[in-house]
Amino acid sequence: MRYLVEVSVRSRPGLLDPEGSAVRNALESLGFAGTSEVRIGKIIDLVVDAENGEAAAERVGQMCRKLLANPVTEDYHVEVRGEAPEPGRDGSGGERA
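Residues numbered from 1 in each chain as written. Predicted model: local features only at pLDDT ≥ 70, side-chain atom pairs only at ≥ 80, totals over all residues. Heavy atoms only, no water.

Caption draft 1: Expanded view of the pattern of salt bridges. Here the structure, examined in full by the defined rule, presents 5 salt bridges. With its nearest N and O atoms 3.3 Å apart, the salt bridge here joins arginine 24 to glutamate 28. Of this pair, arginine 24 and glutamate 28 both sit in helix α1 (residues 18-29), 4 residues apart, roughly one helical turn. Note on arginine 24: relative accessible area 25%, which makes it partly exposed. On the accessibility criterion, glutamate 28 (46% relative accessible area) is partly exposed. Between glutamate 58 and arginine 65 there is a salt bridge, with its nearest N and O atoms 3.2 Å apart. (Salt bridge = Lys/Arg side-chain N within 4 Å of Asp/Glu carboxyl O. Helix = DSSP H or I, 4+ residues; strand = E, 2+ residues; numbered from the N terminus. Buried < 20%, exposed > 50% of the residue type's maximum accessible area, 1.4 Å probe, protein only.)

Given below as structure tokens:
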């Protein structure tokens, strides 16, 4: 089976987030006062082959621990979104002209 898995990666609370601070300052300079904190993260979408959703989540968790997230400065959350369509079935993943 193929599963669509979403990983959310964010810097750990309490650590400096320079990019988030820059965005907060920019928002304030644009007139959006009242935003006390901005944290920047990333979303990673994967399609993985696994026996079931639990196995897909475990495999992606291993990917996070080894590459996708920095275990010293970032936290991550893995969510299996469901079965992924086969390539070309939804108009994506097929050959392009």
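More follows now that the structure is in view.
Caption draft 2: Spotlight on the nonpolar core. Counting 13 residues, the largest nonpolar core has Val7, Leu46, Val48 and Val60 as its most contacted members. Of all the secondary structure elements, the ones that give two or more residues to this core are β1 (2-11), β2 (41-49) and α2 (53-68). (Core = buried A, V, L, I, M, F, W, Y, C linked by side-chain atoms within 4.5 Å.)

Caption draft 3: Geometry of the side chain of serine 11. Examined against the element boundaries, serine 11 turns out to sit in strand β1. Among the residues examined, serine 11 registers a relative accessible area of 19% and is labelled buried. For serine 11, the contacting residues outside a window of four places in its chain are Asp17, Arg39, Ile40, Thr73 and Glu74. (Contact = heavy atoms within 4.5 Å.)

Caption draft 4: Representation of α2. Taking 1.5 Å as the rise per residue, α2 with 16 residues should run 22 Å; its terminal C-alpha atoms sit only 19 Å apart, a clear shortfall. Burial in α2 covers these residues: Ala56, Val60, Gly61, Cys64 and Leu68. One face of α2 carries all of its buried residues, which in axial projection span an arc of 140°. Pointing more than 90 degrees away from the buried face of α2 are the exposed residues Glu54 and Lys66. In this structure asparagine 52 caps α2, since a side-chain oxygen of it lies 3.1 Å from the backbone nitrogen of glutamate 54. (Expected span 1.5 Å × (residues − 1). Arc of directions from axis to C-beta. Polar contact = N/O pair within 3.5 Å; in protein donor to acceptor, adjacent residues only side chain to side chain.)

Caption draft 5: Up close: the sheet that holds β2. Overall, antiparallel pairing links the 3 strands, which are arranged β2-β1-β3 in an open sheet. The two strands at the open ends of the sheet, each matched to only one other strand, are β2 and β3 (74-83). This sheet shows a mean twist of 20° between the axes of neighbouring strands, independent of strand direction. Relative to β3, β1 is paired through 9 bridges, and the arrangement is antiparallel. Within β3, the residue paired with leucine 4 across the bridge is glycine 82. (Pairing = 2+ DSSP bridges. Axes fitted to C-alpha atoms, helices over the stretch in contact; angles between N-to-C directions.)

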